[in-house]
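# Descriptive structure summary
For reference, the chains in residue letters:
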Amino acid sequence: MDLKEIQNLIKFVAKSGASEVKLEMDDVKITIKTGSEETTIVQQMPMAPAAPVMQQAMPVATPLAESAPSAPAPAASDDSKYVTIKSPIIGTFYRKPSPDKPVFVEVGTDIKEGDVLCVIEAMKLFNEIESEISGKIVKVLVDDSSPVEFDQPLFLVDPS
């Protein structure tokens, strides 16, 4: 990507009204932030900045997870006997290993410890999320191809 393409990208982002755009190609990462001033950062692929983003998102995910079950009081009492499987990372949730394959688990599927339940893509890496318990899937709490936060509930499992 040359300087002219970067300048055109900055103009496009400014016109689109987006506040931040991140673009990663090969060994270059470009972040364009708009607001009071326009900033462009071009650097080698760092791994360290990912950790502060995850730590920053943790407090955001916790109130969301706590507020969801408290809204429907009857559902909260029914769900208390189930174990919640939560996301260990921030990323994009996928129920299938690839678009042409079947989903890993459905509601009613019996699972064992170590079974793959889904994949979460983070920074172009696909992380298989394995079950830590045995039981039956009662509910899938996230839609396919949806972004998920750290500690966000993904599945309800009946351990009995």
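Summarised in this report is the structure supplied together with it. Just so we're clear, the structure is a prediction, and the values are computed from it rather than from any experiment.

## Quick look at the nonpolar core
Counting residues in each nonpolar core, the largest one holds 17 residues, and the members touching the most others are Phe 93, Leu 117, Cys 118, Ile 120, Ile 137, Leu 154 and Phe 155. When residues of this core are traced back to their parent elements, those giving at least two are β7 (116-122), β9 (135-140) and β11 (153-158). It is β7 that contributes the most residues to this core, 4 residues altogether. Grouped together as the second largest cluster of nonpolar side chains are 6 residues, Ile 6, Ile 10, Ile 30 and Ile 32 included.

## Some points on unusual backbone geometry
Of note, Met 123 is a non-glycine position whose phi angle comes to about 55°, a positive value. Within the secondary structure layout, Met 123 lies in the loop between β7 and β8 (125-130).

## Thoughts on helix α1 (residues 3-16)
Here α1 contains 14 residues, and its C-alpha end-to-end distance of 20 Å stays within 8% of the 20 Å for a straight helix at 1.5 Å per residue. For α1, every residue scored as buried is listed here: Ile 6, Leu 9, Ile 10 and Val 13. Relative to the axis of α1, the buried residues are bounded by an arc of 100° and lie together on one face. Residues of α1 that are exposed and point over 90 degrees away from its buried face: Lys 4, Lys 11, Phe 12 and Lys 15. One or two steps after α1, the chain reaches Gly 17, where phi turns positive at roughly 90°.

## So, the environment of Arg 95
Position of Arg 95 relative to the elements: it lies in the loop between β5 (91-94) and β6 (110-111). The class of Arg 95 is buried, set by a relative accessible area of 18%. Residues Arg 95 and Ser 146 lie 51 residues apart in sequence; the distance between their C-alpha atoms is 9.9 Å. Apart from residues lying up to four places away in sequence, Arg 95 is in contact with Val 103, Phe 104, Val 105, Glu 106, Val 140 and Asp 144. Within polar-contact distance, the side chain of Arg 95 engages the backbone oxygen of Val 105 at 2.8 Å.

Quick notes on the rules
Residues numbered from 1 in each chain as written. Predicted model: local features only at pLDDT ≥ 70, side-chain atom pairs only at ≥ 80, totals over all residues. Heavy atoms only, no water. Core = buried A, V, L, I, M, F, W, Y, C linked by side-chain atoms within 4.5 Å. Buried < 20%, exposed > 50% of the residue type's maximum accessible area, 1.4 Å probe, protein only. Helix = DSSP H or I, 4+ residues; strand = E, 2+ residues; numbered from the N terminus. Expected span 1.5 Å × (residues − 1). Arc of directions from axis to C-beta. Contact = heavy atoms within 4.5 Å. Polar contact = N/O pair within 3.5 Å; in protein donor to acceptor, adjacent residues only side chain to side chain.

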